[in-house]
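Spelled out, the chains give:
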Amino acid sequence: ELHTRQSTLGTTDPVFSLCSELMLTIKKVRFPVIAEVSGLATAGGCQLVAACDLAVAADGATFSTPGVKIGLFCTTPSVELGRVMPTKQAM
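These numbers were taken from a predicted model, which means no experiment stands behind them.

Criteria and cut-off values
- Residues numbered from 1 in each chain as written.
- Predicted model: local features only at pLDDT ≥ 70, side-chain atom pairs only at ≥ 80, totals over all residues.
- Heavy atoms only, no water.
- Core = buried A, V, L, I, M, F, W, Y, C linked by side-chain atoms within 4.5 Å.
- Buried < 20%, exposed > 50% of the residue type's maximum accessible area, 1.4 Å probe, protein only.
- Helix = DSSP H or I, 4+ residues; strand = E, 2+ residues; numbered from the N terminus.
- Contact = heavy atoms within 4.5 Å.

Caption draft 1: Representation of the nonpolar core. Among the nonpolar cores identified, the biggest contains eleven residues, and these are Cys 19, Met 23, Ile 26, Val 33, Ala 35, Val 37, Ala 41, Val 49, Ala 51, Cys 52 and Ala 61. Taken together, the elements giving at least two residues each to this core come down to helix H2 (13-28), strand E1 (34-37) and helix H3 (44-51). For Ile 26, the contacting residues outside a window of four places in its chain are Val 33, Leu 48, Ala 51 and Cys 52.

Caption draft 2: Spatial organisation of the side chain of Glu 80. Within the secondary structure, Glu 80 sits in helix H4 (residues 78-84). The contacts of Glu 80, once residues within four sequence positions are left out, are Lys 27, Gln 47, Ala 50 and Ala 51.

Caption draft 3: Broad picture of unusual backbone geometry. Despite not being glycine, Ala 43 shows a phi value in the positive range, around 45°. Exposure remark for Ala 43: the relative accessible area of 16% places this residue in the buried category.

Here it is in C-alpha cells:
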C-alpha cells in the first residue's frame, strides 16, 4: 500500500492546499461554523468537524482516522482533534 502511495506523490498537493485554506478560513470568520455529520467522516472530514465551533451528528454518524489501520495515526486531523478532544476520550 505504501509503495502505491509513493508513486502518486505530489498529486494531492492541490487538495491539501484547498483543505488548508478552508481550515484557516473557519478559524478566521467572525461567526460560528456548524458541522452537520449524517454519515461517515474520515481523516480530513474529522479535521473539518473538529475545526468547527459546533458539531451536530446524526445517530448513524461515524468518525474514523483510517491511517491507524496500517499502524500510523492519520496526521491530517491530528492537530484539530488534539485541540478539541480530551486525551483519554480521544484514545
